[in-house]
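As a plain string of letters, each chain reads:
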Amino acid sequence: MSLESLLTHSVSFQRKSPTRDASGGAVEGYTAVTGSADIPCLVQASSGTATRTLGQRQVVITHAVYFAADPGWVRGDRIYWAEGPMYFTVHGVEDMGGQARAWRAECTKVEA
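How each quantity is defined
Residues numbered from 1 in each chain as written. Predicted model: local features only at pLDDT ≥ 70, side-chain atom pairs only at ≥ 80, totals over all residues. Heavy atoms only, no water. Phe/Tyr/Trp six-rings, centres within 6.5 Å; stacked < 30°, edge-to-face > 60°. Helix = DSSP H or I, 4+ residues; strand = E, 2+ residues; numbered from the N terminus. Buried < 20%, exposed > 50% of the residue type's maximum accessible area, 1.4 Å probe, protein only. Pairing = 2+ DSSP bridges. Polar contact = N/O pair within 3.5 Å; in protein donor to acceptor, adjacent residues only side chain to side chain. Salt bridge = Lys/Arg side-chain N within 4 Å of Asp/Glu carboxyl O.

(A) Local environment of the packing of aromatic side chains. Under the definition given, this model contains 3 aromatic pairs. Centroid distance Phe13 to Trp73: 5.1 Å. Interplanar angle 55 degrees. Geometry classified as tilted. Note that Phe13 is positioned in strand 1 (residues 9–16) and Trp73 in the loop between strand 6 (57–67) and strand 7 (78–81), a separation of 60 residues in sequence. Considered together, Phe13 and Trp73 belong to a single accessibility category, that of buried residues. When the ring of Tyr80 is compared with that of Tyr87, the centres are 4.8 Å apart and the planes differ by 40 degrees; the resulting orientation is tilted. On the accessibility criterion, Tyr80 (25% relative accessible area) is partly exposed. An aromatic cluster is built from Phe13, Phe67 and Trp73, whose rings are joined through pairwise contacts.

If you want it as structure tokens, here you go:
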């Protein structure tokens, strides 16, 4: 069985694009990344409560999203899973096994 046959979901992703409001205050927003729609993947809820230390803080990992290729995401990107529908914040992406065949993004479910 190939990895691709297990990727039964699809997601799109967005990158932070901070803007300013009318009074000049920072407003956090996200912008869709070109070519980032309908990326085949597998979205899987974490079993139990997993925490990771990122810098000086700990985050709770609620989901893992698996891919057959490097999605090019960085910490802070946001994933949209229409089938959920759910949004996730990306906390880290790793090459599982170090052979660039399977990738995992560790994420936290967030409100839109």
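Picking up after the structure, the text goes on.
(B) Region of the structure containing the pairing of strand 8 (residues 86–95). Here 4 bridges tie strand 7 to strand 8, and the two strands are oriented antiparallel to one another. The residue bridging Tyr80 from the neighbouring strand is Tyr87, located in strand 8. The hairpin formed by strand 7 and strand 8 contains 4 residues between the paired strands. Sheet topology places strand 8 next to strand 9 (residues 103–110); 8 bridges connect them, and they run antiparallel.

(C) Region of the structure containing the pairing of strand 9. Judged from the 5 bridges that link them, strand 6 and strand 9 form a sheet pairing that is antiparallel. In the strand pairing of strand 9, Ala64 is matched with Glu106.

(D) Representation of the environment of Asp70 in the model. Relative to the assigned elements, Asp70 resides in the loop between strand 6 and strand 7. Classification of Asp70 as partly exposed rests on a relative accessible area of 46%. Asp70 sits 30 residues away from Ala100 along the chain, and the two C-alpha atoms are 7.2 Å apart. Within the structure, the side chain of Asp70 is placed 2.8 Å from the backbone nitrogen of Gly72, a separation counted as a polar contact.

(E) Up close: the pattern of salt bridges. Counted under the stated rule, the structure contains 3 salt bridges. The closest approach of N and O atoms between Arg15 and Asp77, which form a salt bridge, is 2.7 Å. Remark: Asp77 occurs in the loop between strand 6 and strand 7 and Arg15 occurs in strand 1; sequence separation between them is 62 residues. Taking the relative accessible area as the measure of exposure, Asp77 reaches 2% and is therefore buried. Arg104 is paired through a salt bridge with Glu94; the nearest N and O atoms lie 2.0 Å apart.

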